Amino acid sequence: MLENDIVFFNLHRKYLNEAPDYGGFLGIYALAAFVNDNGYRGQAWAGTLQEGKRIIDELCTQGLVRMIGLYCDYANVTENIYISSYVKNKYHLPVIVGGPQATALREDFFVRSQCDAAARYEGELTAIELLDCLLDGTGSLASIRGISYLRNGCLAVNPERPLIGNLDALPFIDDDCYLLGRPRRGELSIMTGRGCPFHCAFCHEGEHTRRVRWRSVANVLAEIDKYLEEHPWLEDFYLLFVDDTLTLDENRLRELCEGVRERREKRNFQWFCEGHVHTLAKHPEMIKMLADAGLHRLQLGIESGCSEVLQAYHKQTSPEEIKEVVALCRDAGIQQIYGNIILGSAFFSEDTYRRDLAFARELQALGEGTLELGVISYWPLPETEITRYPDRFGLSVADYDFYTSADDFAQTTAPGFGVWDIMAKVQAMDRELSQQRGKMLLDGRVPFSRIVSWCAGRSAFRAYGLWYQELMRHPHLLACCQMVAAGEAVRGLAEFAVWQQAHPMRVLALSKHLHIQEDGSGELVGVSLERTEMEVLALCTGRLNCVDICAYLVKQNVAITLERLRRILLKLEQYHLIVYSMEEQPS
C-alpha cells in the first residue's frame, strides 16, 4: 500500500451472510480521482466492516494515511459511528463523512462518531477544502460550504455548495484509485450525468438536483476507451451506465449508442442502463437504438400498476405505458428487463395490493422471460417527499433509522397494515410471481431459445437473475437447456426429416429422480409414465438411435411400433425429459 493523504472507505457489516456488491458505487473512487488531480494523494476501498478495520489499522500503524473518509448510506450509519470514533480515539486522525445519508445525520451522530465534518451532496470540491483545512490548516470549517459539523457542542449546517457545472473537467476513475487494486472481474461502472428532472416522491436524487448536468458523449467514450486500452487481457466485460436518466435525451442517446456499438465490434462486452418509461414510450425509437447497440439489461422504474399510486409518486407514466414499453423492449431483443413493485407505500391497501399483483402477473406474462419483477417494501430515504410528509400518502414511518432492515424488512405502516403485515404481503406476491415464472417455463410460454441463451458459456453468469433462479428449481429443464447450449444435443423430433436416426438422451439420472409406483408405473419430476414409456426412457442413453430402440424393445417382447415410439418420445420431449444427439446435425 502506498502513502496517502486520505483513504475513502465504504464499509458495511456482512449482514445476512452476504458481502454487499459495491461495483456500481462510484462515489469514493470518484473522490479519490479528484483529490489525486488536485494536489493530494487519495485512494479508496469498499468492503466489509471487519476487513476495513484491519486495513485501517495497517495504514495507521505504518503511517500510510493522514485522514480517513467514510461513505454513509441508510444501511451503515452505525458502522460509520464505530469506525469514526475508533480512528479518532486510537489514531487521532481527521475523519470526514459523506454519501447520501450525510444530509440526514443529526447531532447525535456527530457526538457519537466524533467525526470532524460531514460533506452533504456533491463532495469533490468540499473534500479538497476539508483536506486544506484539516491537514494543512488553511481556512476554517465555518467557511466551507456544504458541510455539517459540531461547533461549540451544537450542530452547525453551513450553506449549500454550488454544483459543479462542467462534468467533463472531472478526472476518470483509474486503477490507481483502488487501494488494493481494481477487482479483475471485468466491470466498468460509469456515470454520464448528474441530477434528475423528475420529482419522484420516494427518490433522493430528483428531490435535490433537478437540473441535469451531462458529461459530453465524447468524454464518456474516452473513459471507456481508456479502460479497454488499460485492460487488454479482458476478453469479456460488463459496462454499467448507472445514471437514472440515460434515456432522457434522444439525440445524446443516439450518439452514445453509436459509440458503444462501434466499440463492441472490436471488443466483446455487454452493457446495462436504466430507462424512464415515459420517455421510452414517447420516443420508442430509443428502444431500437439500445437494442441495436447490444444492450443486455434495462432497468425500468415500474413501482406499481395502480394509476393513482403512480400519480402520487409523480412518475409521469401509466400502467398502459409500462406494458407498452415492456412489449417493445421484448420485441426489440433486449434480453433482460428489470423493475420493482413497491409495497407498503403510497395509499397501500388490500385493494392496491390485489391490483398490483394482477398487474405484475400480466406484465410478467407479457415479458415472456425477459422481465424480472422484484417485490420490495418502501424505504423512507432521507429528504424525500414521502419521508418528510408520510401522512399525505396514507403512511407512517415505523423505523426512520433502518435499525430493523437489511433491505429485507418493512419500514412503514399503513391503515390496517403493520410492518409484519406488509412483509407478509411482500412474501405472498414474491411467491405468486415465482410460481408464475415456473409455470411459464414448464408450459412453454418462454421461448426455448431464450432459456438456452441463459445457459450459454461465459454469458451464463450475466443471465443469473430471478428467471435463472427459477430455472434451477426445475433440474430437468435446466439440464435440457444446458445440453443444448453446449452444442451436444438438439430438440424438435417432429421437425427432423430423418427422426429415426436421432439418438435420444435423457437429461436426469433415473436412480436419483425416478419414483417407481406399486403398479409398475413411474413418476419423474411430476410426470406420470406408463411401463412402456419407462422402458423407452431407460434406453434413452444416446447409444441407440430410434430405429435401434424400437428393434431392441420388440426383441424384449414389448408391443411397440415406430409410430408409438415417436409418440412416446414426443411426450418425453414435451416435458423436457430428453434431448437428441444427431450424427448429422439438422440445419
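See the structure printed just above.
Cut-off values and rules
- Residues numbered from 1 in each chain as written.
- Predicted model: local features only at pLDDT ≥ 70, side-chain atom pairs only at ≥ 80, totals over all residues.
- Heavy atoms only, no water.
- Axes fitted to C-alpha atoms, helices over the stretch in contact; angles between N-to-C directions.
- Helix = DSSP H or I, 4+ residues; strand = E, 2+ residues; numbered from the N terminus.
- Parallel < 35°, antiparallel > 145°, perpendicular 65-115°, else oblique.
- Left-handed = near helix turned anticlockwise from the far one by under 90°.
- Contact = heavy atoms within 4.5 Å.
- Nonpolar A, V, L, I, M, F, W, Y, C, P; charged D, E, K, R; others polar.
- Core = buried A, V, L, I, M, F, W, Y, C linked by side-chain atoms within 4.5 Å.
- Buried < 20%, exposed > 50% of the residue type's maximum accessible area, 1.4 Å probe, protein only.
- Disulfide = S-S within 2.5 Å.
- Pairing = 2+ DSSP bridges.
- Phe/Tyr/Trp six-rings, centres within 6.5 Å; stacked < 30°, edge-to-face > 60°.
- Lys NZ or Arg CZ within 6 Å of the ring centre and 35° of its normal.
- Salt bridge = Lys/Arg side-chain N within 4 Å of Asp/Glu carboxyl O.
- Polar contact = N/O pair within 3.5 Å; in protein donor to acceptor, adjacent residues only side chain to side chain.

### Overview of the packing of helix α13 (residues 350-367) against helix α15 (residues 419-442)
Phase 1: At a minimum axis separation of 10 Å, α13 and α15 run at an interaxial angle of 20°. One element, α13, and the other, α15, form an angle in the roughly parallel class. Crossing handedness for the pair α13 and α15: right-handed. Residues E350, Y353, D356, L357, A360, R361, Q364 and A365 of α13 form the contact with α15, whose participating residues are K425, A428, M429, E432, L433, Q436, R437 and M440.
Phase 2: Its residues placed into classes, the contact of α13 with α15 shows eight nonpolar, two polar and six charged.

### Overview of the nonpolar core
Phase 1: L239, F241, W271, L300 and I302 are the most contacted members of the largest nonpolar core, which has 76 residues in total.
Phase 2: Judged by nonpolar contacts, the second largest core, of 39 residues, contains F34, A117, I164 and L167.

### Brief notes about the state of the cysteines
Phase 1: Tallying each qualifying case throughout the model produces zero disulfides.
Phase 2: Take C481: it sits in no disulfide, and the sulfur closest to it among the cysteines is that of C455, at 5.1 Å.
Phase 3: Overall, the relative accessible area of 0% leaves C481 in the buried class.
Phase 4: Here C550 is not cross-linked by a disulfide; its sulfur's nearest cysteine counterpart is in C546, at 9.3 Å.
Phase 5: We classify C550 as buried; its relative accessible area is 10%.

### Notes on helix α10 (residues 285-292)
Phase 1: All buried positions along α10 are accounted for by M286, I287, M289, L290 and A291.
Phase 2: On its buried side, α10 packs onto α8 (250-264), β12 (269-275), α9 (277-282), β13 (295-300) and α12 (319-332).
Phase 3: With its phi angle positive at about 85°, G294 sits one or two positions after the end of α10.

### Here we look at the sheet that holds strand β5 (residues 117-119)
Phase 1: The sheet built from seven strands is open, its strands ordered β2-β1-β3-β4-β5-β6-β7 with mixed pairing. Looking at which strands have only one partner, the edges of the open sheet turn out to be β2 (42-48) and β7 (154-157). Here the strands of the sheet are splayed against their neighbours by 25° on average, with no regard to which way each runs.
Phase 2: Bridge count for strand β4 (residues 95-98) against β5 is two bridges, and the pairing is parallel. Each bridged residue has a counterpart across the sheet, and for I96 the counterpart in β5 is A117.
Phase 3: Sitting on the sheet, helix α1 (residues 27-36) touches β1 (6-12), β2 and β3 (68-71), and the angle it makes with β2 is about 165°.

### With respect to the pairing of β13
Phase 1: Across the six residues that make up β13, a large majority, five, are buried.
Phase 2: As paired elements, β12 and β13 share five bridges and run parallel to each other. Opposite E274, over in β13, you have Q299 as the bridge partner.
Phase 3: Relative to strand β14 (residues 336-343), β13 runs parallel, the two being bridged by three bridges. When the sheet's bridge partners are listed, L298 is paired in β14 with I337.

### Examining the packing of aromatic side chains
The relative placement of two aromatic rings is captured by the distance of their centres and the angle of their planes.
Phase 1: Under the defined criterion, the tally for this structure stands at 16 aromatic pairs.
Phase 2: Taken together, the aromatic side chains of Y74, W379 and F402 make up a single cluster linked through ring pairs.
Phase 3: Against the face of Y389 rests R392, its NZ or CZ located 3.8 Å from the ring centre.
Phase 4: Positioned above the aromatic ring of Y353, the side-chain terminus of K425 is 4.4 Å from the ring centre.

### Brief notes about the environment of M191
Phase 1: Relative to the helices and strands, M191 resides in the loop between β8 (187-190) and β9 (193-194).
Phase 2: For M191, a relative accessible area of 33% translates into the label partly exposed.
Phase 3: In this structure, the C-alpha to C-alpha distance between M191 and R437, residues 246 residues apart in sequence, is 33 Å.
Phase 4: With sequence-adjacent residues up to four places away left out, M191 is seen in contact with L26, R215, V242 and D243.

### Digging into the sheet that holds strand β21 (residues 527-529)
Sheets are built from strands paired through backbone hydrogen bonds, the pairs being either parallel or antiparallel.
Phase 1: Spatially, the three strands line up as an open sheet ordered β19-β20-β21, and their pairing is antiparallel. A single partner strand is all that each edge strand has here, and the edge strands are β19 (514-516) and β21. Averaged over neighbouring strand pairs, the angle between their axes works out to 25° when direction is ignored.
Phase 2: Sheet contacts for helix α20 (residues 531-538): β19, β20 (522-524) and β21; angle to β21, the most-contacted strand, approximately 100°.

### Description of the environment of Q316
Phase 1: As for its position among the elements, Q316 is in the loop between α11 (307-313) and α12.
Phase 2: In sequence terms Q316 and H278 are 38 residues apart; their C-alpha atoms lie 6.6 Å from each other.
Phase 3: Other than its neighbours up to four places away in sequence, Q316 contacts F198, H278 and E321.

### A few points about the packing of α20 against helix α22 (residues 562-574)
Phase 1: With their axes 10 Å apart at the nearest point, α20 and α22 run at an angle of 80° to one another. Looking at the two axes, α20 sits roughly perpendicular to α22. Where α20 approaches α22, its residues T532, E533, V536 and L537 are matched on the opposing element by R564, L565, I568, L569, K571 and L572.
Phase 2: Its residues assigned to classes, the contact of α20 with α22 shows six nonpolar, one polar and three charged.

### Some remarks on the pattern of salt bridges
Phase 1: In the structure shown here, the tally under the stated rule is 37 salt bridges.
Phase 2: With a closest N to O distance of 2.8 Å, E223 and R215 form a salt bridge. With respect to class, E223 is no different from R215; both count as buried.
Phase 3: In this structure, R567 and E563 form a salt bridge, with 3.7 Å as the shortest nitrogen-oxygen distance. Within this pair, R567 and its partner E563 are both found in helix α22, separated by four residues, close to a single helical turn.
Phase 4: Given the relative accessible area of 37%, E563 is considered partly exposed.
Phase 5: Connected through shared salt-bridge partners, E122, E124, R194 and R213 make up one network.

### Considerations on the side chain of E321
Phase 1: Residue position: E321 is located in helix α12.
Phase 2: Reaching out from E321, the side chain makes a polar contact with the side chain of T317 at a distance of 2.9 Å.
Phase 3: Beyond its immediate chain neighbours, meaning those up to four positions away, E321 contacts V277, H278, A281 and Q316.

### Observations regarding the side chain of Q364
Phase 1: Note that Q364 resides in helix α13.
Phase 2: Residue classification places Q364 among the buried residues on the basis of a relative accessible area of 0%.
Phase 3: In terms of polar contacts, Q364 uses its side chain to reach the backbone carbonyl oxygen of L433, at 3.0 Å.
Phase 4: The residues touching Q364, leaving out its near neighbours within four places in the chain, are L371, L373, L433, Q436, R437, M440 and W467.

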